[in-house]
Amino acid sequence: MKLFSAKIKKQVGIDLGTSKTTLYLKGKGIVINEPTVVAVNNKTNQILAVGKEAEEMFGKTPIHISAIRPLENGVISDFEVTEKMIRYFLNKVKDSNFFNNILESTEAVVSAPINITDVERRAISDVCKSVGVRNVYLVDGPIAMAIGAYLPVSGSEGTLVVDIGGGSCEIAVISLSGVVVGKSLKIAGNKLNEDIIYYVRDKFKMLIGEKTAEEVKISIGSAIDLGTNQKIKIKGRDLTRGLPREINIEEQDVREAITPSLMKIVDAIKSVLEITPPELMGDIIEKGIFLGGGGSLLKGLDQLIEKFVELNVNVIEEPTTALIRGIGIILDNIDNYHDILVSSLKQQPLE
């Protein structure tokens, strides 16, 4: 009977990010990579759209519709909406064969931020179980990212990983299948967008939306002066007259807006290094820092960190999917990774 169950067991990997939710299905690879956004009808509490379709509504909805992000800083802030979002994504990739669906036993490996509380860990587990996942195991995000970047995690050598996502930046020194020292910072891609919005409001007296700020950051944002002097036209609402307005914003403006937040990330990396055991420092000096997540794509960020931390910085190949790739590797070789997987509470290892 056990052999029969193994044949019909479905194993899924989930990266619940503040900005993106990614699903990996064993045997199929990455099957979902969509924005963590849900559109809700406030009158009926009905889910109107999820993912890309909901993101298109962001900042454009009438009063009775809200386009919301159900996670903040990598932690579930709206349990019910998160549950409906995961259910939607799972149904989207579900096997259409009725017999398989009725018998399937689903296991999930889900990434979790470091330094979260047991209650927050339990919430991640409960939301997955509420959509039909039978067994839920958590893995620290930086460890999954290191595995996805094919870096050593089980040996005694130290590896420093910096994951800059949408809602949080996670810095971790990994050794012997665990996080030796780590820090989670609520400064990442979304905070840089806010910085740009506030800068445009204060300097140009114009209000722009989050999507416009994101486009500006991607198009001409940089951590250091690259000598390109690019500029881009943006549209918004004039705060003095309340009328539509169009201006040019320059690369230097964007850099000025986001530099304070970037320096807080640099300072956080320094603070982690200051408490790293001396025996691991040699490995980190030799290998450098490994940078992943969507925020690592900001032009010149690796050079900025190198300048102030005085270590080589390596941007992980395909950094936006490194974490879910790592979860996929864990699922494909789950017997080899029992020591890094935990159930809903950190003190309960996978047996």
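For the structure, see preceding data.
Enquirer: Tell me about the nonpolar core, and please be specific about residues and values.
Expert: Within the largest apolar cluster, 47 residues are counted, with the highest numbers of intra-cluster contacts made by Ile-196, Ile-269, Ile-289, Leu-301 and Ile-305. Once you skip the residues sitting within four places of it in the chain, Ile-269 turns out to touch Leu-160, Val-162, Ile-171, Ile-289, Ile-305 and Val-309. Core analysis: the next-biggest nonpolar cluster, separate from the first, contains 30 residues, Val-81, Ile-86, Ala-112 and Val-127 among them.

Enquirer: Pulling in residues and values, what's your account of the sheet that holds strand β17 (residues 289-292)?
Expert: The strand order across the open sheet built from five strands is β13-β12-β11-β17-β18, with neighbouring strands paired in mixed fashion. The open sheet has two free edges, formed respectively by β13 (178-185) and β18 (313-315), since each of these has just one partner strand. Averaged over all pairs of adjacent strands, the angle between their axes in this sheet comes to 20°, without regard to strand direction. Sheet topology places strand β11 (residues 159-164) next to β17; four bridges connect them, and they run parallel. Residue pairing across strands places Asp-163 opposite Gly-292, the latter belonging to β17. Contacts from helix α6 (residues 141-148) reach β11, β12 (169-175), β13 and β17, with the element oriented near 70° to β12.

Enquirer: Give a description of the packing of helix α7 (residues 189-204) against helix α8 (residues 210-220) that names residues and reports values.
Expert: Each packed pair of helices is defined by two parameters, the angle between the axes and the distance between the axes. Interhelical geometry of α7 versus α8 gives an angle of 100° and a closest axis separation of 9 Å. The angle between α7 and α8 places the two elements in the roughly perpendicular class. Contact with α7, carried on its side by Gly-189, Asn-190, Leu-192, Asn-193, Ile-196 and Ile-197, involves Glu-210, Ala-213, Glu-214, Val-216 and Lys-217 of α8 and no other residues of that element. Taken together, the residues that form the contact of α7 with α8 break down as five nonpolar, three polar and three charged.

Enquirer: Now, about the packing of α6 against helix α12 (residues 322-332): what can you tell me, with residues and values included?
Expert: One way to put it is that α6 packs onto α12 with a least axis distance of 6 Å and a crossing angle of 80°. Taken together, the axes of α6 and α12 are roughly perpendicular relative to one another. Counted together, Gly-141, Ala-144, Met-145, Ile-147 and Gly-148 of α6 and Ala-322, Leu-323, Arg-325, Gly-326, Ile-327, Ile-329 and Ile-330 of α12 form the full contact between these two elements. Here the contact of α6 with α12 is built from residues that sort into eight nonpolar, three polar and one charged.

Conventions we followed
Residues numbered from 1 in each chain as written. Predicted model: local features only at pLDDT ≥ 70, side-chain atom pairs only at ≥ 80, totals over all residues. Heavy atoms only, no water. Core = buried A, V, L, I, M, F, W, Y, C linked by side-chain atoms within 4.5 Å. Buried < 20%, exposed > 50% of the residue type's maximum accessible area, 1.4 Å probe, protein only. Contact = heavy atoms within 4.5 Å. Pairing = 2+ DSSP bridges. Helix = DSSP H or I, 4+ residues; strand = E, 2+ residues; numbered from the N terminus. Axes fitted to C-alpha atoms, helices over the stretch in contact; angles between N-to-C directions. Parallel < 35°, antiparallel > 145°, perpendicular 65-115°, else oblique. Nonpolar A, V, L, I, M, F, W, Y, C, P; charged D, E, K, R; others polar.

Limitation: the analysis is restricted to geometry and does not speak to function.
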